Structures are given as structure tokens and as C-alpha cells.
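Structure assessment
Listed below, chain by chain, are the residues.
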Amino acid sequence: MNKIKIINTHSHVNMLKERSVEEALKNCADENVVIIVPSYDDKSIFEVDELVKKYPDVYGYVGIFPEDVKCFTDKTLSDMEEIIKSNNKIIGIGEIGLDYYWNKSFIDLQKEVFIKQIEFANQMNLPINVHCREAYFDTLNILKEHNKNSKVIMHCFSGSLEFAKECIKHGIYIAIGGVVTFKNAVKVKEVAKNIPLDYLLLETDDPYLTPVPYRGKENQPSYVKYVVREIANLRSITSEEIERVTTINAKNIFPQII
Ligand code: NI
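Residues numbered from 1 in each chain as written. Predicted model: local features only at pLDDT ≥ 70, side-chain atom pairs only at ≥ 80, totals over all residues. Heavy atoms only, no water.

Some points on the overall build of the protein
Looking only at helices and strands, the protein features nine helices and eight strands. Rg of the C-alpha trace for the protein: 17 Å, near the compact-globule value of 18 Å for 258 residues, within the 12% margin. For the protein, the spread of C-alpha atoms along the three principal axes comes to 45 × 40 × 35 Å. The burial tally for the protein puts 58% of its 258 residues in the buried class. Approximately 11600 Å² of the protein is accessible, and the part contributed by carbon and sulfur atoms is 51%. When the 32 positive and 37 negative side-chain charges of the protein are each reduced to one mean point, those points stand 5 Å apart. (Helix = DSSP H or I, 4+ residues; strand = E, 2+ residues; numbered from the N terminus. Rg over C-alpha atoms; globule rule 2.2 N^0.38 Å. Buried < 20%, exposed > 50% of the residue type's maximum accessible area, 1.4 Å probe, protein only. Areas by Shrake-Rupley, 256 points an atom, 1.4 Å probe, with all protein chains shown as cover. Lys, Arg positive; Asp, Glu negative; His and termini not counted. Charge placed at Lys NZ, Arg CZ, Asp CG, Glu CD.)

Spelled out as C-alpha cells, the structure:
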């Protein structure tokens with residue numbers, strides 16, 4: 001019997017330092033893991049375009065990350081459009097959103113570029129992979145006001161269960177990563193345990209946020225299996241059930257994944 005593919009909805013496999021892309025993808029193949037790789041600025045959109053053309057079981061998002069919005073111009077949008085139209089493995093817009101943690105000096109510009117990219121995703125009819133850090137209600141309010149027809153994923157969800165429920169009320173999916181394995185990650189564990197399964201997705205955000213038992217070392221996309229194990233434990237169901245449900249959810253959002 002074929003093992004179910006696990007869909008890791010957010011991996012920066014092209015940013016790993018301790019192992020090559022080939023090695024990380026070989027480990028993914030061994031664990032039946034398919035990945036989606038986000039871009040973050042006006043150069044990495046081309047990198048992701050090349051990467052997904054080169055490797056099977058690797059898909060991509062194009063988008064400008066909140067910290068990099070100063071590079072965003074009309075040309076960025078037309079470059080993104082060209083990439084999407086010529087590459088059917090670019091299956092979403094990301095990672096885009098708001099980040100008030102690192103730098104609060106250009107919040108207005110972050111909002112403006114976030115809105116433009118939401119409108120662009122709507123126009124392309126593609127899902128959105130959202131980065132949101134310490135900007136919970138601004139992010140949700142902008143999505144509520146501006147998103148018309150794109151499915152939305154909150155990547156590396158770090159909010160409260162209450163905020164997760166508020167997102168789900170608006171049809172937004174919740175992607176859980178390695179943080180859920182951290183002993184002190186009470187909020188994320190509570191979210192992973194209690195949200196309806198049909199809004200749950202998996203990710204790693206490697207090379208960051210390495211799950212236990214490799215915390216402290218560099219993360220890699222195949223470690224999504226530790227995220228699966230922890231969520232299964234928290235919910236007292238099997239890992240296979242988590243894999244099955246999250247793959248159905250991901251394929252519902254991304255029908256291009258085979
Ligand atoms: Ni990321």
C-alpha cells in the first residue's frame with residue numbers, strides 16, 4: 001500500500017546551510033513529504049520559480065515578506081504574474097503579511113503592500129500564505145476587508161485558541177509547525193489540540209523553529225513528521241489520521257498537488 005503523502009505547506013529548503021537541497025529532498029522522499037516553498041523578496045521569486053521546475057514534489061509561492069516590502073514595485077507584481085502564468089507549480093502567494101516584532105517603523109508600507117498582494121492573489125485566483133507576527137487583529141481585519149476569493153493559510157500559527165477560532169470563523173486555515181513540540185508552547189499546543197481538524201495544516205518553516213528532538217540544530221522539511229507526532233499525541237489519535245486529514249485539507253486548497 002502506498003503511504004500517504006504528507007504536505008508541508010511552508011519550507012525554505014533553499015535557505016538551509018547545514019545540508020544541501022538535494023539531501024533535504026532525499027529525506028523528504030524517504031518520509032513521503034511534499035513541500036511548498038515561499039519566496040520573500042523581488043529576487044527570491046525567481047529562485048523559487050527555478051527550484052520548483054527542477055524538483056518533483058516541490059511547489060512554490062511567490063510574494064514579498066513584510067520585512068522586505070521596501071523592494072516592492074509594480075514591476076514586482078508583473079514579474080510575479082509572468083512566473084505564475086508560465087509555471088503551474090507556483091500555487092499560491094506568500095509569504096506575505098504583517099510583522100510588528102522586528103521593526104515598527106514602516107507599518108503603513110507593510111499594510112499597503114499586503115493589501116496589494118491580497119488583491120493580486122484574488123486576481124490570480126490563488127491561495128495566500130500569511131506571515132503574522134504580533135499583528136493579529138490588523139492582519140485579520142485587512143483580510144476580512146480586502147480578500148474576496150482566495151483561500152488563506154495562517155502560517156506558523158502563534159496566536160491564542162480564541163484568535164484561531166476567529167480565523168476559522170472566516171474560513172482561514174491554521175498551519176502548525178515545530179513550535180508545537182516545545183515544552184513551554186502552551187498556546188500552540190492548545191490550538192493544535194482543539195481546532196476542528198478540517199482547518200489544520202502542517203509545516204516546518206525550516207531552517208527555523210526546529211522541532212524536538214532536534215531543537216537547537218538546523219531544521220529541515222522532513223522533520224514535519226515530529227509535528228505530526230506531537231499533534232497526534234495531543235489529540236489522542238494516530239499519526240496516520242493527522243497525515244490523512246491534513247493532506248485532504250491541503251489538496252482542497254492546492255488541487256495542483258499530485
Ligand atoms: Ni517562512
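Right, picking up where we left off after that structure.
Side note on the coordination of the nickel ion
Taken together, the protein ligands of the nickel ion are His10 (NE2), His12 (NE2), Glu95 (OE) and Asp205 (OD), with distances of 2.1 to 2.4 Å. Here the nickel ion is ringed by four donor atoms whose angles at the metal span 86 to 175 degrees, and the overall shape comes out irregular. The sequence pattern describing where the donors of the nickel ion fall on their chain is H-x1-H-x82-E-x109-D. One end of the pair, His12, is in the loop between strand 1 (6-8) and helix 1 (21-30); the other, Glu95, is in strand 4 (residues 90-99), with 83 residues separating them in the sequence. Each member of the pair, His12 as well as Glu95, is classed as buried. (Donors = N, O, S within 2.8 Å, 3.2 Å for Na, K, Ca; no water. Tetrahedral: all angles 85-135°; square planar, octahedral: opposite > 155°, others 65-115°.)

Details of the nonpolar core
The tendency in soluble globular proteins is for nonpolar side chains to be buried as a group. Core analysis: the largest hydrophobic core is formed by 74 residues, its most contacted members being Met154, Phe157, Ile174, Ile176 and Ile231. With eight residues, helix 4 (residues 107-124) is the largest single contributor of residues to this core. Residues in contact with Met154, not counting those within four places in the same chain, are Val130, Cys132, Thr139, Leu143, Phe163, Cys167, Ile172, Tyr173, Ile174 and Ala175. Judged by nonpolar contacts, the second largest core, of 14 residues, contains Val34, Tyr61, Leu201 and Ile257. (Core = buried A, V, L, I, M, F, W, Y, C linked by side-chain atoms within 4.5 Å. Contact = heavy atoms within 4.5 Å.)

Describing the pairing of strand 3 (residues 58-62)
For strand 3, the tally of buried residues reaches five of five residues, placing the bulk of the element in the interior. Burial along strand 3 is two-sided: Val58, Gly60 and Val62 and Tyr59 and Tyr61, pointing in opposite directions, are all buried. Pairing of strand 3 with strand 4, which is carried by three bridges, proceeds in the parallel orientation. Pairing of Gly60 across the sheet is with Ile90, part of strand 4. (Pairing = 2+ DSSP bridges.)

A word on the pattern of salt bridges
Evaluation of the coordinates by the stated rule reveals 13 salt bridges. Between Lys53 and Asp49 there is a salt bridge, with its nearest N and O atoms 3.4 Å apart. Of this pair, Lys53 and Asp49 are both found in helix 2 (residues 44-54), four residues apart, which corresponds to roughly one turn of the helix. With its nearest N and O atoms 3.3 Å apart, the salt bridge here joins Lys169 to Glu166. (Salt bridge = Lys/Arg side-chain N within 4 Å of Asp/Glu carboxyl O.)

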